[in-house]
Amino acid sequence: MAKKTLKDEVAEKIHTTERPSLKTKKTTKNARDTKPERKKKPALKEEVTNGISRLNGKTNGRLKSLPPDLPVEVKINDQVTTAVKSSETKTESAPKPKVKIPKPKIYARKEPLISDLPEATPSVSKAKTSRVSGEKKIFVIDTSVILYNHDSINNFEDNDVAIPITVLEELDNFKKGNDTKNFEAREFIRIIDSLSENGMLTDWIPLVKSKGGKFKVVMNEKSTVDARQIFDDNKPDHRILNAALALSQEYPERKVVLVSKDINLRLKAKSLNIAAEDFLTGKIKDVEGLYTGISTINNLSSKIIDKLYQQGYCMPKDIGVKNPIPNQYFILRNTTTSALAFYNSLSKKVERIEKRSAFRITPRNAEQVFALHAILNPDVKLVTLQGVAGTGKTLLALAAALDQKRNFKQVFLARPIVPLSNKDIGFLPGDIKSKINPYMEPLYDNLKFIQSQYSEKDKEYKNITDSLDNEKLVIQPLAYIRGRSISNVCFIVDEAQNLTPHEIKTIITRAGQGTKIIFTGDIYQIDTPYLDAQSNGLSYLIDKVKHHSIYAHVRLEKGERSELANLANDLL
């Protein structure tokens with residue numbers, strides 16, 4: 001049995017129902033164990049006094065050291081009495097009845113019912129969020145974007161633009177030369193120099209033409225994730241990736257996007273968890289739905305077709321067209337006959353087209369008939385011919401231009417200098433004409449084919465040769481067109497799919513009074529890096545100007561070069 005402590009003995013003596021003897025203040029252990037005789041019930045005050053005295057005896061007087069006015073509760077015969085030890089007086093509290101605390105009732109567990117739920121939950125209004133400057137994106141532009149469009153820095157709305165210092169180093173290598181990319185590099189450097197007149201390039205400088213965006217040059221090309229070590233090469237592309245990574249660490253609350261025309265660089269950026277996208281300005285959305293310039297209407301009434309042959313025209317509502325596009329071509333058919341027509345936006349009528357030749361080049365299908373008509377139409381100043389190889393784009397354009405050369409001071413043929421697979425042929429001996437002739441050979445091939453339609457004794461044969469000698473017919477690379485003002489000239493631009501939208505704009509703005517411009521090309525046969533079927537200048541031009549009265553477009557689909565060429569187009 002465990003030994004009782006002093007505290008246990010005191011509590012036992014106070015709360016016991018036994019009545020100690022009141023004769024002696026101090027008793028022995030044997031005396032405490034025996035019951036005293038109960039003669040009469042002592043007064044309550046005496047019991048309290050005796051209890052305190054016994055406590056002093058057990059604690060060797062330590063009760064006297066208790067703080068004054070300390071209440072002591074004593075339970076005697078179901079009555080609670082509070083005695084207060086004071087150094088001056090002893091007070092006695094009035095007896096209070098014992099407060100009974102009711103026991104909590106225990107109920108069986110009850111699952112909540114749907115009926116117990118509130119009928120409606122009060123709606124909490126959401127706080128309105130406003131856009132702050134930290135939510136603006138930071139676009140890191142690559143060198144390819146600048147060479148594609150020198151004004152690209154102003155095409156990011158209210159977002160900020162970052163230019164890695166490596167980009168400026170690469171532009172320094174492109175600033176010399178007469179090619180279009182050299183011009184783009186020089187123009188961009190001039191724009192940056194003009195914007196930074198009153199500031200430092202390492203600070204955010206406002207862009208004047210944008211909607212509140214800023215730009216700066218990124219000098220820091222070091223980050224915790226080093227692209228040069230990952231790809232094991234210290235090339236400019238990897239330093240540009242490091243600049244984008246450094247910006248992501250410097251501005252963690254903003255989205256950093258790398259913009260590049262280089263597909264492989266975009267893939268590398270995404271492998272490093274950097275958002276990357278193509279430069280979308282000047283890029284059309286749907287190539288397959290690009291305007292063809294030709295519509296076919298079947299099951300047309302024979303009366304309408306007879307009216308076209310008799311009167312030469314009909315109204316657009318007669319063929320079921322409500323809002324025709326200017327210079328749109330139609331193939332009208334029924335079970336017995338057909339007719340070719342186009343919508344003349346000046347007369348507001350659908351007029352019939354007759355098949356005709358140009359320099360003995362006779363069209364072999366309806367598409368070629370439309371192409372010749374568009375080039376020979378004096379009211380049309382801008383023509384685009386789009387089609388695969390072998391459809392006769394360049395040949396038709398050259399033949400129609402020669403057929404009406406009396407209406408122009410000069411016939412000018414040009415094409416961008418982009419050899420097959422973008423491989424340079426190196427330095428060639430001779431003057432500039434000898435160096436450029438290999439690039440111009442495709443145009444000479446078509447010219448020789450037209451000459452072969454005549455014998456050497458014919459006047460037309462000699463006229464072509466004399467036109468080349470007298471520079472009435474000029475074949476030059478497109479790089480030398482910048483800065484010129486071309487008036488009263490029939491200007492043919494071959495392989496226009498290798499031009500950027502900005503280059504197309506530069507060429508058209510060179511046109512003076514009495515000039516007609518013809519663009520030919522295949523948007524699916526592009527030899528220039530960073531261009532595709534959506535972003536090349538020919539697709540951009542077709543999509544933007546199709547509703548103008550001085551513009552006509554024809555897409556040639558059927559190849560007429562040879563069966564072998566058609567086999568390659570269809571199966572290879």
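Because the structure is a prediction, the values reported are computed rather than measured.

Peer 1: Outline the overall build of the protein chain, listing residues and values.
Peer 2: Per the secondary structure count, the protein chain includes 17 helices and 20 strands. Within the protein chain, buried positions represent 41% of all 572 residues. Across the protein chain, every contact between residues at least 6 apart in sequence was considered, and the portion connecting residues at least 24 apart equals 67%. As displayed, the protein chain offers around 34,700 Å² of accessible surface, 51% of which is attributable to carbon and sulfur atoms.

Peer 1: Break down the pairing of strand β18 (residues 489-493) for me, citing the residues and quoting the values.
Peer 2: Of all five residues in β18, five are buried, a share of seventy percent or more. Residues Val-489, Phe-491 and Val-493 line one face of β18 and the alternating positions Cys-490 and Ile-492 line the opposite face, and both faces are buried. Here strand β16 (residues 410-415) runs beside β18; their pairing, made up of five bridges, is parallel. If you follow Phe-412 over to β18, its bridge partner there is Phe-491. Pairing between β18 and strand β19 (residues 516-521): four bridges, direction parallel. Counted as the bridge partner of Ile-492 is Ile-518 from β19.

Peer 1: Pulling in residues and values, what's your account of the sheet that holds strand β10 (residues 294-297)?
Peer 2: Strand order in the open sheet formed by five strands is β10-β12-β13-β14-β11, and the pairing between neighbours is mixed. With partners counted over all chains shown, the strands left at the sheet margins are β10 and β11 (313-314), one partner each. Here four bridges tie strand β13 (residues 338-344) to strand β14 (residues 349-352), and the two strands are oriented antiparallel to one another. Bridging across to β14, Tyr-343 finds its partner in Val-350. Against the sheet, helix α11 (residues 366-376) engages β10, β12 (329-333) and β13, with an angle of about 140 degrees to β12.

Peer 1: I'd like a rundown of the sheet that holds strand β4 (residues 138-141), residues and numbers included.
Peer 2: Pairing in this open sheet of six strands is mixed, and the strands run β6-β7-β5-β4-β8-β9 from one edge to the other. Each having just a single partner strand, β6 (205-206) and β9 (275-277) make up the two edges of the open sheet. In the sheet, strand β8 (residues 256-259) pairs with β9 via three bridges, with the strands oriented parallel. Across the sheet, residue Val-257 finds its bridge partner in β9, namely Ala-275. Running over the sheet, helix α8 (residues 236-250) touches β4, β5 (160-164), β7 (214-218) and β8 and is turned about 165 degrees from β8.

Peer 1: Give me the lowdown on the pairing of β19, citing residues and values where you can.
Peer 2: Most of β19 is tucked away, with six of its six residues classed as buried. Residues of β19 alternate between two faces, with Lys-516, Ile-518 and Thr-520 on one and Ile-517, Phe-519 and Gly-521 on the opposite face, all of them buried. The pairing of strand β15 (residues 382-387) with β19 spans five bridges and is parallel. From the neighbouring strand, Leu-385 faces β19, where its bridge partner is Thr-520.

Peer 1: How would you summarise the nonpolar core if you had to cite specific residues and measurements?
Peer 2: Core analysis: the biggest nonpolar cluster contains 45 residues, and Tyr-329, Leu-398, Leu-402, Leu-413 and Ile-450 have the highest contact counts within it. Dropping the residues within four chain positions of it, Ile-450 is found in contact with Phe-359, Ile-361, Leu-395, Leu-398, Ala-399, Leu-402 and Ile-464. Of all hydrophobic cores here, the second largest spans 43 residues; its members include Phe-139, Val-145, Phe-215 and Leu-531.

Peer 1: How would you sum up a nonpolar patch on the surface? Please name residues and give values.
Peer 2: A cluster of nonpolar side chains, Leu-564, Leu-567, Leu-571 and Leu-572, forms an exposed patch at the surface whose accessible area comes to about 520 Å². Of the residues examined, Leu-567 reaches a relative accessible area of 44% and is grouped as partly exposed.

Basis of the calculations
Residues numbered from 1 in each chain as written. Predicted model: local features only at pLDDT ≥ 70, side-chain atom pairs only at ≥ 80, totals over all residues. Heavy atoms only, no water. Helix = DSSP H or I, 4+ residues; strand = E, 2+ residues; numbered from the N terminus. Buried < 20%, exposed > 50% of the residue type's maximum accessible area, 1.4 Å probe, protein only. Contact = heavy atoms within 4.5 Å. Areas by Shrake-Rupley, 256 points an atom, 1.4 Å probe, with all protein chains shown as cover. Pairing = 2+ DSSP bridges. Axes fitted to C-alpha atoms, helices over the stretch in contact; angles between N-to-C directions. Core = buried A, V, L, I, M, F, W, Y, C linked by side-chain atoms within 4.5 Å. Patch = residues over 30% accessible without salt bridge, like charges linked within 9 Å, V, L, I, M, F, W, Y side chains within 5 Å. Salt bridge = Lys/Arg side-chain N within 4 Å of Asp/Glu carboxyl O.

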